[in-house]
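Examination of the molecular architecture
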Amino acid sequence: MKKFLFALLASGLITGSAQARDQLSLAGSSTVLPFATIIAEEMGKNPKFKTPVVESGGSSVGKKGVCEGIGTQFIDIGNASSRMKASELEFCNKNGVDVTEIKVGYDGIAVANSLQGETLTISKADLGMALTAEVPACYEGSGRNYNCDEWIANPFKKWSDINPSYPALDIRVYGPPTTSGTRASFAEMVNQKAYCGKEPIAKKASAARGDKKGKKCRAMRTDGAYIEAGEQDNLIVQKLQEDPNAYGIFGFSYLDQNTDTLQSAIVDDTPATFELIASGDYAISRSLWFYVKHAHVGVVPGMDEYMKTWTKNWGPDGILSDAGMVPMPEAERASYAKAMTDLPKLTADMLKK
Amino acid sequence: MPSTKTEQMVMASLKARHRKEQSFKLLGIAAIIMALFFLVTLMTSILSKGLPGFFQYYVTLEVELERERLDPAGDLSDQSLFDGQAKKIIQEAVLAKTGAKKRNEKKAARKLVSNGSDLRLISFVQANPELLNSRQSVKFALDDDADSYFRGFVKKQTPEKQRRLSDLQIAYLDQMQADGLVSYEISDYLFFGSASRNAEMAGIKGAAIGSLLTLVVCFVIAFPIGVATAVYLEEFAPKNKITELIEININNLAAVPSVVFGILGLAIFINIFGMPRSIPLVGGMVLALMTLPTIIISSRAAIKAVPPSIRDGALGVGASKVQATMHHVVPLAIPGMLTGTIIGMAQALGETAPLLMIGMVAFIVDIPGGVTDPGTVLPVQIFMWADFAERMFIQKTSSAIIILLLFLIVMNGGAIWLRKKLERRW
């Protein structure tokens, strides 16, 4: 009993003294995490600073977490692999949190399969058509009634059903689950924008069902053609190595580490390579971000140093590009490096750009 | 010859009964063989991947330990050594060894030695300051890609574009090996390193200490409360509707998914009490909530197993109820209580779900020095390593799993030993 009272007392004392925090706390996207941890570790080598704590959780945790409030029980910086939305910024404003948006680099979303399998050369729109949950009922050999305004469950069984030049293999694609930012970006860029936004039949049919932007197309197939393989990209890589007839969707850094067993699909004439993602030519790539809380700059020690460590290492020769992050062009790097010192407040207008 | 009718009936059914007994036995053996098969498969898979992870490749380089360059302030402090040029000195040693001259050659050669070698050189200098200003052979870890090459995961036959090492780098590595500089040894990083994004430097020390701190907090809170609750409920509480309700609730809590306790911890300890995230103190408190029901239930069973004659004897010679309980019943029930507690703690050691909510599922490099420093735990470390892209982390993951299993075996074995040693039979 004495021990217990002592423990309670001790925990009470500690709670009282825990108000000041001398260590940065970050959370967010699991895509940004490998790069953020490299920076954190690099910064922690300097004995003046403690190594920041980097939590995972997903982009939404990063963006929401940083905006939850001011104080040491909240994180200082939120990582995200998708940009903040207006509604998310509103949440910040509601809680009185000002943030600055920093872009750190790019990440390609790779579509790949085993080197022993057939290379998939496909257009981005057709890739979306193969994976979206519903398509209009008027494709060759697909529909029952050829009514272009009616949507039916995706009928394509083989890649060659879409275009005879594609492999005569069952459509079987391993990819991340709904909680993943990688999946959200893929569904937006491929299903929504490339397929329902550009392919004429799908575009017309989308407008006909009152979905001009094609948001409904973001749903992925659930009939076994698209297989959710869990948040861990390594699992997808392993599945592909075992099954040469399947394809997978995952972050570029995992392809970069496994080039001796995996090959990239060629989407819109470009394979996922470091150079093509860096030049902006690769069809499916997105930006990586972090959001800095103004009120914590200069209060929690190390905020400036953390950002400075990014600028030292985010170039083409830095340790981040070794780990598979694709660097920004020099002008963009310079402008975000400036934002790190000026800390412009993120406004709704800036997000529209 | 069977004479009576009953005997005849028994003889007739005997065969069928024997057959049934036989098949039941076989079924049991089959079940055990199945379980053993799964266990053996799991263990071979983990051991075959994990055992090589206990070793790694090192390269011995001759470095010039010039004091002026390594320690500009001259006081051998962390800061001074950090400001020095440890990294540059190692790179010069690599370049001298490989003979790299052109820019791309230099770049290729520099990548062969671990990115954290400067820290290794700094700790070497701090441990041996008398060796400053001399030329010394120091062992550095090879980069994870180079390590994979010596393990045979990167093959020369693979076209250059498809592997992570260039022809030039492989030539340098072959050269170093031919010169006898490369050695395959027990990995000191695995045991004494902390979390790192450089696969060759990653180790479990930080997570192991985090686990220890968390379990200590968990024990200090859960054991006294659990035992006190059990003693009160068994010995003192009146048997009525309220105690029955409490009992049902305790049994219920034992079956609640552990992530729920994490949510509770986030809401109460962090949001209301304002305690910091990611600290073993909060982690231990959350795990204590989780293990409490296990401890209470096993402690009550242990108290129930003490024969009533002991209590009656004590009361009969004039002991008060408290004296009878504290002097006789509880000491006799302690072995059972401890067994339950150890099993509860072993469960807590393997948990990640409740720690997710309170921020202990995180990349934390600094080794926690106390319960209020950010820390993580072993299963979280395993979980994070399993997700990193670098191939060397696959072996490290399995090695860490082996270590965690060893901890669990020791704890559960300890529980069995304690039971055998202290148990009393009446």
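About the cut-offs
Residues numbered from 1 in each chain as written. Chains lettered and ligands numbered in written order. Predicted model: local features only at pLDDT ≥ 70, side-chain atom pairs only at ≥ 80, totals over all residues. Helix = DSSP H or I, 4+ residues; strand = E, 2+ residues; numbered from the N terminus. Buried ≥ 20, exposed ≤ 12 C-beta atoms within 10 Å, placed from the backbone. Contact = placed C-beta atoms within 7 Å. Rg over C-alpha atoms; globule rule 2.2 N^0.38 Å. Pairing = 2+ DSSP bridges. Domains from an automatic or database assignment. Nonpolar A, V, L, I, M, F, W, Y, C, P; charged D, E, K, R; others polar. Axes fitted to C-alpha atoms, helices over the stretch in contact; angles between N-to-C directions. Parallel < 35°, antiparallel > 145°, perpendicular 65-115°, else oblique. pLDDT = per-residue confidence, 0-100. Core = buried A, V, L, I, M, F, W, Y, C linked by C-beta atoms within 7 Å. Bend = angle between axes of the 7 residues up to and from the residue.

Time to look at the overall build of chain A. Counting secondary structure elements, chain A contains 14 helices and 14 strands. The C-alpha extent of chain A, read off along each of the three principal axes, is 75 × 55 × 45 Å. Counting over 353 residues, chain A shows a buried share of 50%. When contacts within chain A are restricted to residue pairs at least 6 apart in sequence, those whose partners lie at least 24 apart make up 72%.

With that settled, the discussion passes to the overall build of chain B. Scanning chain B from N- to C-terminus turns up 18 helices and 4 strands. In terms of overall dimensions, chain B is more spread out than a globule: its C-alpha atoms have a radius of gyration of 30 Å, far above the 22 Å expected for 426 residues. Taking the principal axes of the C-alpha coordinates as reference, chain B spans close to 100 × 70 × 40 Å. Across chain B, contacts joining residues at least 24 apart in sequence account for 76% of those joining residues at least 6 apart.

So, about the sheet that holds strand 12 (residues 266–267) of chain A. Residue and element names in this part refer to chain A. Strand order in the open sheet formed by 3 strands is 5-12-13, with mixed pairing between adjacent strands. Of all the strands in the sheet, the pair left with one neighbour each is strand 5 (121–122) and strand 13 (270–271). Relative to strand 12, strand 5 runs parallel, the two being bridged by 2 bridges. Among the inter-strand pairings, isoleucine 122 is bridged to a residue of strand 12, identified as valine 267.

What follows deals with the domain arrangement of chain A. Residue and element names in this part refer to chain A. Under the domain assignment, chain A is made up of domain 1 (23–106 + 286–352) and domain 2 (118–243). Contact with domain 1, which involves 8 residues of that partner, is made by 6 residues of domain 2. Split into classes, the residues belonging to the side of domain 1 that touches domain 2 amount to no nonpolar, 7 polar and 1 charged.

Turning next to the domain arrangement of chain B. All names here are of chain B. What the domain assignment reports for chain B is domain 1 (54–186) and domain 2 (205–422). Spacing between the C-alpha centres of domain 1 and domain 2 amounts to 45 Å. With 5 residues of domain 1 at the interface, the matching set in domain 2 holds 4 residues. Along the lines of polarity and charge, the residues of the side of domain 1 that touches domain 2 split into 2 nonpolar, 1 polar and 2 charged.

In this section: the environment of threonine 214 of chain B. All names here are of chain B. Among the secondary structure elements, threonine 214 is positioned in helix 10 (residues 205–236). In sequence terms threonine 214 and glycine 283 are 69 residues apart; their C-alpha atoms lie 6.0 Å from each other. Beyond its immediate stretch of four places on either side in the chain, threonine 214 contacts Pro280, Gly283, Gly284, Leu287 and Val377.

Residue and element names in this part refer to chain B. Taken together, the 3 strands give an open sheet; going across it, the order is 2-1-3, and neighbouring strands pair in antiparallel fashion. Both edges of this open sheet fall to strand 2 (135–141) and strand 3 (182–186), since each of them pairs with a single strand only. Strand-to-strand twist in this sheet, taken as the mean axis angle between neighbours without regard to direction, amounts to 40°. In this sheet, strand 3 lies alongside strand 1 (residues 55–64) in antiparallel orientation, the contact comprising 5 bridges. Within strand 3, the position partnered with phenylalanine 55 by the bridge is isoleucine 186. Contacting strand 1 and strand 2, helix 6 (residues 117–127) runs over the sheet at an angle of about 135° to strand 2.

Looking now at the packing of helix 1 (residues 5–53) of chain B against helix 18 (residues 392–422) of chain B. Residue and element names in this part refer to chain B. Between helix 1 and helix 18, the least distance of the axes is 7 Å, while the angle of their chain directions is 105°. Judged by the angle between their axes, helix 1 and helix 18 are roughly perpendicular. Taking contact as the criterion, the partners of Ile46, Leu47, Lys49, Gly50, Pro52 and Gly53 in helix 1 are, on helix 18, Ile394, Gln395, Lys396, Ser398, Ser399, Ile401 and Ile402. For the contact of helix 1 with helix 18, the residue count by class is 6 nonpolar, 5 polar and 2 charged.

This part is about the environment of isoleucine 403 of chain B. All names here are of chain B. Here isoleucine 403 is to be found in helix 18. For isoleucine 403, a count of 20 C-beta atoms within 10 Å gives the class buried. As for isoleucine 403 and glycine 50, which are separated by 353 residues in sequence, their C-alpha atoms are 9.6 Å apart.

Positive phi outside glycine occurs at aspartate 268 of chain A, with the angle close to 50°. Looking at the secondary structure, you find aspartate 268 of chain A in the loop between strand 12 and strand 13. Aspartate 268 of chain A sits in the partly exposed class, given 16 other C-beta atoms within 10 Å. With phi around 60°, leucine 76 of chain B is a residue other than glycine that occupies positive phi space. Topologically, leucine 76 of chain B is positioned in the loop between helix 2 (67–70) and helix 3 (78–83). Exposure remark for leucine 76 of chain B: the 15 C-beta atoms within 10 Å place this residue in the partly exposed category.

The subject of this paragraph is the packing of helix 6 (residues 181–198) of chain A against helix 7 (residues 200–208) of chain A. Residues and elements named next belong to chain A. At a minimum axis separation of 5 Å, helix 6 and helix 7 run at an interaxial angle of 90°. Classified by the angle between their axes, helix 6 and helix 7 sit roughly perpendicular to one another. Contacts between helix 6 and helix 7 involve Tyr195, Cys196, Gly197 and Lys198 from the former and Ala202, Lys203 and Ser206 from the latter. Residue classes in the contact of helix 6 with helix 7 are distributed as 3 nonpolar, 2 polar and 2 charged.

Moving on: the confidence of the model for chain B. With 99% of its residues at a pLDDT of at least 70, chain B reaches an overall mean of 91. Here the predicted complex scores 0.84 on pTM and 0.82 on ipTM.

All names here are of chain A. Covered by surrounding structure in strand 1 (residues 25–28) are Ser25 and Ala27 together with Leu26 and Gly28, the residues of both alternating faces. Note that strand 1 and strand 2 (residues 53–57) share 3 bridges and pair parallel. Paired with serine 25 across the strands is valine 53, a residue of strand 2.

Let's shift gears to the nonpolar core. Of all hydrophobic cores here, the largest spans 203 residues; its most connected members are Val111, Phe290 and Tyr291 of chain A together with Ile90, Cys218, Val282 and Met285 of chain B. With 15 residues, helix 10 of chain B is the single largest residue contributor to this core. When residues no more than four places from it in sequence are discounted, the contact partners of valine 111 of chain A are Leu120, Leu127, Tyr247, Ile249, Ala265 and Val267 of chain A.

Per-residue pLDDT for chain A averages 87, and the proportion of residues at 70 or more is 93%. Scored below 50 in pLDDT, residues 11–19 of chain A makes 10 contacts in the model with residues more than four places away or belonging to other chains.

Along an α-helix, residues three or four apart share an orientation, since each turn contains 3.6 residues. The sharpest bend along helix 6 of chain A measures roughly 30° and falls at glutamine 192 of chain A. Along helix 6 of chain A, the positions that sit buried rather than exposed are Gly181, Thr182, Arg183, Ser185, Phe186, Ala187, Val190, Asn191, Gln192, Ala194, Tyr195 and Cys196 of chain A.

Attention shifts here to the interface of chain A and chain B. Often, the extent of an interface is quoted as the loss of accessible area on bringing the components together. Taken together, the contact pairs 39 residues of chain A with 37 residues of chain B. Among the elements that make up the side of chain A that touches chain B, the one with the highest residue count is helix 2 (residues 33–44) of chain A (7 residues).

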